[in-house]
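Here is how the chains run, residue by residue.
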Amino acid sequence: MSFDLTSKPNQVFYYQVGSVTTTIPWGRPSFEKITRFFQDESISHLLEKYNVYLTGGCLWDFNTWDIDLILIYDWNQLTDWNLIEQDINTLHDVALNKHHILVD
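A quick note: this is a predicted structure, and the numbers were derived from the prediction, not measured. (Residues numbered from 1 in each chain as written. Predicted model: local features only at pLDDT ≥ 70, side-chain atom pairs only at ≥ 80, totals over all residues. Heavy atoms only, no water.)

On to the nonpolar core, then. Ile34, Phe37, Ile43, Leu47, Cys58, Ile67, Leu69, Leu91, Val94, Ala95, Ile101 and Val103 form the largest nonpolar core, which has 12 residues in total. Breaking this core down by element, the ones donating at least two residues are α1 (31-39), α2 (41-47), β4 (66-72) and α3 (81-98). Broken down by element, this core gets its largest block of residues, 3 residues, from α3. Filtering out sequence-adjacent residues up to four positions away, Ile34 remains in contact with Pro29, Leu54, Cys58, Phe62 and Ile67. (Core = buried A, V, L, I, M, F, W, Y, C linked by side-chain atoms within 4.5 Å. Buried < 20%, exposed > 50% of the residue type's maximum accessible area, 1.4 Å probe, protein only. Helix = DSSP H or I, 4+ residues; strand = E, 2+ residues; numbered from the N terminus. Contact = heavy atoms within 4.5 Å.)

Right under this line is the structure:
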């Protein structure tokens, strides 16, 4: 799906997902952006905690505006869901504010 609602220069931009905010518009993902994101040292330790699957349109057509991730965690009765939420917020923050991509 494509649409015409894109950010324009000098236009105020604000986006929030969970507790993460950004004023930086993201662009379309590219192989290079996705690679840099996954190699970022600020999230590499998080990705080791989960089985991570990259899915969605970016795998076959970069005419998309986000990258879709599936995170699978081997949880149990002692799982601290606040830590899981922190991990997801960190992924969103690094993607949006450092690599200017949207993780969905």
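An ideal rise of 1.5 Å per residue puts 26 Å on 18 residues; α3 measures up with 25 Å between its terminal C-alpha atoms. Buried within α3 we find Ile84, Asp87, Asn89, Leu91, His92, Val94, Ala95 and Leu96. Between the side-chain oxygen of the N-cap and the backbone nitrogen of Asn82 there are 3.0 Å, and the N-cap of α3 in question is Asp80. The first or second residue beyond α3 is His100, which carries a positive phi of 55°. (Expected span 1.5 Å × (residues − 1). Polar contact = N/O pair within 3.5 Å; in protein donor to acceptor, adjacent residues only side chain to side chain.)

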